[in-house]
Amino acid sequence: MHGVITIAATEIRIGLRNRWIILSSLILLAFALILVLLGSAPGGEVKTDAVTVVVASLSTLSVYLVPLIALLLSYDAIAGEIDRGTLQLVLASPVSRGSVLVGKFLGHVAVLAIAVSSGYGIAGLVAFFANGAGEAVALIGVGRLIASSTVLGATFIAIGYIASASVRQTGTAAALAIAIWLFAVVLYDLVLLGGLLASQDGFFARAVFPWLLVFNPADAFRLYNMSAIDALAVGSNLGGAGSALPLSGLATMLSPVAWTAIALGLSTVILKRVRP
Amino acid sequence: MTEIVKARNVGMKFRAVEALTDVSLDVAPGEQVALLGHNGAGKTTLFRLILGFIKPTAGSISIAGFAPGSDAARRVVSYLPEQVAFPKMLTGREVVRFYARLKGAAPEDVQAVLDKVELVEAADRRVDTYSKGMRQRLGLAQALVGNPRLLLLDEPTSGLDPLSRQHFYELIADVSRRGCSVLLSSHGLSELEARTDRVAILRKGRLVADGPLAELQTQADLPIRIRVRAAAGAVGSVHAEIGGGRINCASVELCCARGDKMRILSKISGLGAQVEDVDVASPTLDEVYRYFSNNGIEQVQRGDIQCTA
Ligand SMILES: Nc1ncnc2c1ncn2[C@@H]1O[C@H](COP(=O)(O)OP(=O)(O)O)[C@@H](O)[C@H]1O
Ligand SMILES: [Mg+2]
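Residues numbered from 1 in each chain as written. Chains lettered and ligands numbered in written order. Predicted model: local features only at pLDDT ≥ 70, side-chain atom pairs only at ≥ 80, totals over all residues. Heavy atoms only, no water.

1. Things to note about the overall build of chain B
When helices and strands are counted, chain B shows 12 helices and 13 strands. Seen along its three principal axes, the alpha-carbon backbone of chain B occupies a region of about 75 × 45 × 35 Å. Counting the 309 residues in chain B, one finds 50% classified as buried. The long-range fraction of contacts in chain B, counting pairs at least 24 apart against all pairs at least 6 apart in sequence, stands at 68%. If you sum the accessible surface of chain B, you get close to 14000 Å²; carbon and sulfur atoms cover 48% of it. Between the averaged position of the 39 positive side-chain charges in chain B and that of its 36 negative side-chain charges there is a distance of 5 Å. (Helix = DSSP H or I, 4+ residues; strand = E, 2+ residues; numbered from the N terminus. Buried < 20%, exposed > 50% of the residue type's maximum accessible area, 1.4 Å probe, protein only. Contact = heavy atoms within 4.5 Å. Areas by Shrake-Rupley, 256 points an atom, 1.4 Å probe, with all protein chains shown as cover. Lys, Arg positive; Asp, Glu negative; His and termini not counted. Charge placed at Lys NZ, Arg CZ, Asp CG, Glu CD.)

2. Comments concerning the overall build of chain A
A count of helices and strands for chain A gives 12 helices and zero strands. Reading chain A from its N terminus to its C terminus gives the helix and strand order α-α-α-α-α-α-α-α-α-α-α-α. Split into buried and exposed, the 276 residues of chain A put 51% on the buried side. A total accessible area of about 12100 Å² is found for chain A, and carbon and sulfur atoms account for 71% of it.

3. Overview of the interface of chain B and chain A
Between chain B and chain A, the contact holds 27 residues from the first and 22 residues from the second. Here chain B and chain A share an interface that buries about 2400 Å² over both sides, 66% of which is from carbon and sulfur atoms. A per-residue breakdown of the area chain B buries against chain A is headed by Phe53, Arg74 and Leu102 of chain B, which together make up 29% of the total. As a salt-bridge pair, Arg17 of chain A and Glu94 of chain B come within 2.9 Å of each other at their nearest N and O atoms. Considering each element in turn, the side of chain B that touches chain A owes the most residues, five residues, to helix α3 (residues 92-102) of chain B. Looking at the side of chain B that touches chain A residue by residue, the classes come out as 17 nonpolar, three polar and seven charged. (Buried area = accessible area lost by both parts, 1.4 Å probe. Salt bridge = Lys/Arg side-chain N within 4 Å of Asp/Glu carboxyl O. Nonpolar A, V, L, I, M, F, W, Y, C, P; charged D, E, K, R; others polar.)

4. Observations concerning the coordination of the magnesium ion (ligand 2)
Residues and elements named next belong to chain B. Taken together, Thr44 (OG1) and Glu82 (OE) make up the protein donors of the magnesium ion (ligand 2), found 2.0 to 2.5 Å from the metal. Here Thr44 is found in helix α1 (residues 43-51), whereas its partner Glu82 is found in the loop between β5 (77-80) and α3, with 38 residues between them in sequence. On the basis of relative accessible area, Thr44 is assigned to the partly exposed category, the value being 27%. According to the relative accessible area criterion, Glu82 is partly exposed, its value standing at 36%. (Donors = N, O, S within 2.8 Å, 3.2 Å for Na, K, Ca; no water.)

5. Considerations on the site of ligand 1
Residues and elements named next belong to chain B. Taken together, Phe14, Val17, Ala19, His38, Asn39, Gly40, Ala41, Gly42, Lys43, Thr44, Thr45 and Arg48 make up the full set of residues adjacent to ligand 1. Between ligand 1 and Gly40 there is a distance of 2.6 Å, counted from an oxygen atom to a backbone nitrogen or oxygen. Between ligand 1 and Thr45 there is a distance of 2.6 Å, counted from an oxygen atom to a side-chain nitrogen or oxygen. In isolation ligand 1 exposes 560 Å². Once the protein is present, 64% of that is buried. Those elements that place two or more of their residues in the shell around ligand 1 are β2 (17-27) and α1. The element that contributes the greatest number of residues to the shell around ligand 1 is α1, accounting for four residues. A breakdown of the residues in the shell around ligand 1 according to their chemical character gives four nonpolar, six polar and two charged. (Near = heavy atom within 4 Å. Polar contact = N/O pair within 3.5 Å; in protein donor to acceptor, adjacent residues only side chain to side chain.)

6. Describing the pairing of strand β10 (residues 224-230) of chain B
Residues and elements named next belong to chain B. Residues Ile224, Ile226, Val228 and Ala230 point to one face of β10 and are all buried, whereas Arg225, Arg227 and Arg229, pointing to the other face, are not buried. Across six bridges, β10 lies against strand β12 (residues 251-256) in antiparallel orientation. Opposite Ile224, over in β12, you have Cys256 as the bridge partner. Direction of pairing for β10 relative to strand β13 (residues 275-281): antiparallel, over a ladder of six bridges. Looking at the pairing, Ile226 lines up with Val280 of β13. (Pairing = 2+ DSSP bridges.)

7. As for the side chain of Ser149 of chain A
Residue and element names in this part refer to chain A. Among the secondary structure elements, Ser149 is positioned in helix α7 (residues 136-166). The buried category is assigned to Ser149, whose relative accessible area is 0%. Apart from the residues within four sequence positions on either side, Ser149 is in contact with Ser62, Val66, Leu112, Val116, Tyr120 and Phe221.

8. So, the sheet that holds β12 of chain B
With respect to topology, four strands assemble into an open sheet ordered β11-β12-β10-β13 (chain B), the strand pairing being antiparallel. The two strands at the open ends of the sheet, each matched to only one other strand, are β11 (245-246) and β13 of chain B.

9. What about the confidence of the model for chain A?
Averaged over all residues, the pLDDT of chain A equals 85, while 88% of them reach at least 70. Scored below 50 in pLDDT, residues 231-242 of chain A shows 13 contacts in the model against residues more than four places distant or in partner chains. (pLDDT = per-residue confidence, 0-100.)

10. Comments concerning the packing of helix α8 (residues 170-198) of chain A against helix α10 (residues 217-228) of chain A
Describing two packed helices takes the angle between their axes plus the distance from one axis to the other. Residues and elements named next belong to chain A. Packing of α8 against α10 brings their axes to within 9 Å, and their N-to-C directions diverge by 80 degrees. Taken as axis vectors, α8 and α10 run roughly perpendicular relative to one another. Where α8 approaches α10, its residues Ala184, Tyr188, Asp189 and Leu192 are matched on the opposing element by Ala218, Asp219 and Arg222. Here the contact of α8 with α10 is composed, by residue class, of four nonpolar, no polar and three charged. (Axes fitted to C-alpha atoms, helices over the stretch in contact; angles between N-to-C directions. Parallel < 35°, antiparallel > 145°, perpendicular 65-115°, else oblique.)

11. Thoughts on the nonpolar core
Of all hydrophobic cores here, the largest spans 134 residues; its most connected members are Tyr120 of chain A together with Leu150, Leu152, Leu153 and Leu183 of chain B. Here this core takes 13 residues from α7 of chain A, the largest share from any one element. Setting aside anything within four residues of it in sequence, one finds Tyr120 of chain A in contact with Leu28, Ala32, Leu58, Leu61, Ser62, Val142, Leu145, Ile146 and Ser149 of chain A. (Core = buried A, V, L, I, M, F, W, Y, C linked by side-chain atoms within 4.5 Å.)

12. Looking at the packing of aromatic side chains
Applying the stated rule across the entire model yields six aromatic pairs over all chains. Grouped by ring-pair contacts, the aromatic residues Phe86, Phe98 and Tyr99 of chain B constitute a single cluster. (Phe/Tyr/Trp six-rings, centres within 6.5 Å; stacked < 30°, edge-to-face > 60°.)

13. A look at the pairing of β12 of chain B
All names here are of chain B. Summarising burial for β12: six of the six residues are buried, a large majority. With burial as the criterion, each face of β12 is covered, one bearing Ser251, Glu253 and Cys255 and the other bearing Val252, Leu254 and Cys256. When β11 meets β12, the two strands line up antiparallel, connected through two bridges. Looking at the pairing, Gly245 lines up with Glu253 of β12. Hairpin remark: β11 followed by β12, antiparallel, with four residues in the connecting loop.

14. Describing the confidence of the model for chain B
All names here are of chain B. On average, residues of chain B score 87 in pLDDT, and 93% of them reach the 70 mark or higher. Across residues 298-309 the pLDDT falls below 50, and counting only partners more than four positions away or on other chains, this stretch makes 19 contacts in the model. At the level of chain-chain contacts, confidence expressed as ipTM amounts to 0.87, with global pTM at 0.87.

15. Examining the sheet that holds strand β1 (residues 5-14) of chain B
Backbone hydrogen bonds are what pair the strands of a sheet, in a parallel or an antiparallel way. All names here are of chain B. Spatial strand order, β2-β1-β4: three strands in an open sheet with antiparallel pairing. Here the strands that pair on one side only, and so sit at the sheet edges, are β2 and β4 (58-63). On average, adjacent strands in this sheet sit at an angle of 25 degrees to one another, irrespective of strand direction. In terms of strand pairing, β1 meets β2 through seven bridges, oriented antiparallel. In the strand pairing of β2, Lys13 is matched with Glu18.

Written out as structure tokens, the structure reads:
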């Protein structure tokens with residue numbers, strides 16, 4: 001336990017001083033502010049609360065940026081430390097490999113939570129006050145977005161560890177991380193859309209598509225946020241397909257949570273076999 | 001007294017590569033042992049076995065009676081790898097504090113080891129501002145924290161300038177005086193500057209020598225070089241009397257076996273005023289090392305040139 005806390009605290013320190021993490025957090029903040037300003041532009045038709053609109057667009061931003069920041073934090077965690085000789089030092093001291101991974105995970109999730117809450121928190125507050133202090137309920141939406149983005153990030157941090165523990169070079173781990181991001185966030189949805197278009201009898205759309213949608217943690221995250229802010233009022237892309245989803249509401253987030261647990265378990269198993 | 005490291009007939013095979021073959025080595029408490037060998041001789045492999053990162057494919061190892069890699073064994077050992085790059089964004093103190101906590105060392109230990117390696121002033125600067133010597137000292141500080149009973153140092157002085165190297169060995173001598181065993185590797189004897197109690201030499205994964213330096217010198221029995229400077233005009237008669245080779249118009253040089261040394265020296269002193277000065281050079285550490293690491297097959301150079309007659 002002592003080891004877990006020590007490792008987590010050091011990862012937080014390193015993460016908060018990592019210029020790539022700082023840069024990507026600033027990009028997140030900048031995008032969030034741009035969306036806020038566009039969302040609250042005067043003359044826009046204000047059907048729903050402006051903050052709610054902003055939360056809807058921010059959740060789309062999250063789907064792309066949060067997994068990217070997460071993988072940026074985690075791809076180096078094992079392979080890079082073996083490369084630099086520091087994992088050997090940690091493993092020469094009396095801490096278990098499981099604690100090493102859990103410590104890193106807690107530290108990285110904390111860094112990501114800090115990045116997301118500062119970006120979305122600032123943007124949310126700006127939207128809130130720019131509209132002459134809207135309903136306080138809208139701020140709960142911001143909180144929900146921050147919490148679910150952190151869960152999404154945790155999933156990709158854990159998946160990044162699998163990549164990092166499976167290869168010996170940092171460069172290979174980085175390439176794997178980019179491939180994972182590209183597949184989960186961009187290609188997966190395109191493939192699903194292709195499937196929808198190709199299946200004429202509608203079997204795919206009815207029986208397979210909803211499961212595949214929930215299976216992907218990034219899509220599950222999107223579904224959750226859309227359902228939470230009443231997707232009909234804002235309109236959405238994939239979520240509005242009208243299919244009966246196997247999971248709904250908060251239960252949709254079971255997908256990223258399950259992915260996190262499986263990925264952490266798997267990377268621990270792989271790390272136990274690493275011979276530094 | 002239990003040995004800190006006890007390796008018995010250890011073999012390590014990586015698929016086709018036989019990195020270590022039948023290595024038996026003991027390290028007693030407080031003993032300093034230098035592990036020498038060319039690149040690829042198996043030094044790092046032996047360290048990884050002692051740390052329990054890999055398991056031997058033959059033989060056995062125990063660390064203070066515990067299995068390598070067990071929690072009990074890891075509490076005994078500290079390690080400094082051949083190459084280590086600490087996180088650039090952290091300060092020296094943060095790095096040492098991190099490892100101190102992992103090892104369960106007392107917080108005041110951090111300041112003590114920083115003081116010992118003379119990094120107190122730089123301790124709150126980021127590691128990326130450190131020179132190579134400072135980084136190596138930081139690595140040592142990290143290894144010293146928590147009072148380990150065994151220090152494993154993998155080529156700790158390669159790439160250091162002579163002054164930093166000397167300083168490094170003084171630090172290590174200091175810890176071993178306090179009862180910590182030290183096993184350090186190096187690829188040359190001369191780097192050690194005769195500072196360790198014992199020397200073990202690995203050649204292609206086999207232990208070819210293991211003993212105190214003086215003993216190895218005797219075992220190698222390399223010729224001793226004697227240079228005699230003759231008085232003016234006497235170089236011819238000195239040469240005729242003691243043999244060897246003339247190296248310039250005033251000096252004669254000859255090599256002899258260890259056992260012949262005194263006989264020849266007394267002969268030289270018998271020449272009286274004909275001799276102005278005598279210089280006796282024992283084989284250098286490098287020559288002794290080369291003898292063992294080539295297994296005596298290749299003649300050591302000095303023997304080649306001057307001692308064949
Ligand atoms: N993981 C490994 N897989 C295959 N061969 C290895 C591995 N580690 C070391 N070796 C081989 O074992 C031998 C000894 O290596 P090493 O212990 O690193 O030598 P040294 O540290 O003395 O330079 C070398 O021939 C090296 O190529
Ligand atoms: Mg080596």
